[in-house]
Amino acid sequence: TILAGLKILLGRLRSRLADCLSTLEGATGFLKITRERASRMAASAKREKEQRDLFDSHDKDGDQLLCREEIIRFATAEYELTDLREDFIEKLAQGLFSNGSMGVSYDKFGRLRQMLAIERSEVRARARRAEEEERRRRDQEAEERRQKDLAKRIKAATAMLEAC
């Protein structure tokens, strides 16, 4: 009787404890997911603030637009693009300047950065190709000099043999 009653009570307590543990595990999982989401949101907000600060630091006149001159200074400072081609600047203007505006708004700042990064890659690739072409030209000139020198030596050796 008392023992049987205690066994029943202990069984109920075990069942309740198992339910509580299951609820706790679910809450722990939810907390982990929520913490990760909050961390991603904080990182995203930090990146957004950094982007905004970068934009604002290059918007010298404070009109919330990067004009052509500000874009050129930005490209030079952040992407080491010192000689932007006029056709590239015009391409930027056509693609990024909003209807009749005289600059790039913050909304299109990310796209501006992408285009500048691509241009930097293309400039570097053109420089590598030019260096490679120059190296090939020098190698070809050196080979031609070697061939001429060899021809002179053969001609001199042939003349010496014929003289003997």
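These figures come from a predicted structure and were not determined experimentally.

Draft legend 1. Structural view of the overall build of the chain. Of regular secondary structure, the chain possesses 4 helices and 2 strands. The order of α-helices and β-strands along the chain, N terminus first, is α-β-α-α-β-α. The C-alpha atoms of the chain give 37 Å as radius of gyration, which overshoots the globular expectation for 164 residues (15 Å, by more than 25%). Across its three principal directions, the C-alpha atoms of the chain cover 135 × 60 × 20 Å. Per-residue burial for the chain yields a buried fraction of 19% across its 164 residues. Taking all contacts inside the chain whose residues are at least 6 apart in sequence as the whole, residues at least 24 apart take part in 57%. Within the structure as shown, the chain displays about 12,900 Å² of accessible surface, and the carbon and sulfur contribution to it stands at 57%. Distance from the positive charge centre (35 side chains) to the negative charge centre (31 side chains) of the chain: 9 Å.

Draft legend 2. Spatial organisation of unusual backbone geometry. Residue Gln-64 is not a glycine yet carries a positive backbone phi of 65°. Following the sequence through the fold, Gln-64 ends up in the loop between helix H1 (2–58) and strand E1 (65–66). Residues other than glycine seldom take positive phi values, yet Glu-80 does so here, at roughly 55°.

Draft legend 3. Focus on a nonpolar patch on the surface. A cluster of nonpolar residues, Ile-2, Leu-6, Leu-9 and Leu-13, forms a patch on the protein surface that exposes about 430 Å² of accessible area. Of note, Leu-13 is situated in helix H1.

Draft legend 4. Spatial organisation of the pattern of salt bridges. The final tally for this structure, using the stated rule, is 17 salt bridges. Between Arg-68 and Glu-90 there is a salt bridge, with the nearest N and O atoms lying 3.3 Å from each other. Residue Arg-68 is located in helix H2 (residues 68–79), and its partner Glu-90 is located in helix H3 (residues 86–96); the two are separated by 22 residues in the primary sequence. The salt bridge partner of Glu-133 is Arg-136, with a shortest N-O separation of 3.4 Å. Of this pair, Glu-133 and Arg-136 both sit in helix H4 (residues 109–163), separated by 3 residues, roughly a single helical turn. Its relative accessible area of 47% is what places Glu-133 among the partly exposed residues.

About the cut-offs
Residues numbered from 1 in each chain as written. Predicted model: local features only at pLDDT ≥ 70, side-chain atom pairs only at ≥ 80, totals over all residues. Heavy atoms only, no water. Helix = DSSP H or I, 4+ residues; strand = E, 2+ residues; numbered from the N terminus. Rg over C-alpha atoms; globule rule 2.2 N^0.38 Å. Buried < 20%, exposed > 50% of the residue type's maximum accessible area, 1.4 Å probe, protein only. Contact = heavy atoms within 4.5 Å. Areas by Shrake-Rupley, 256 points an atom, 1.4 Å probe, with all protein chains shown as cover. Lys, Arg positive; Asp, Glu negative; His and termini not counted. Charge placed at Lys NZ, Arg CZ, Asp CG, Glu CD. Patch = residues over 30% accessible without salt bridge, like charges linked within 9 Å, V, L, I, M, F, W, Y side chains within 5 Å. Salt bridge = Lys/Arg side-chain N within 4 Å of Asp/Glu carboxyl O.

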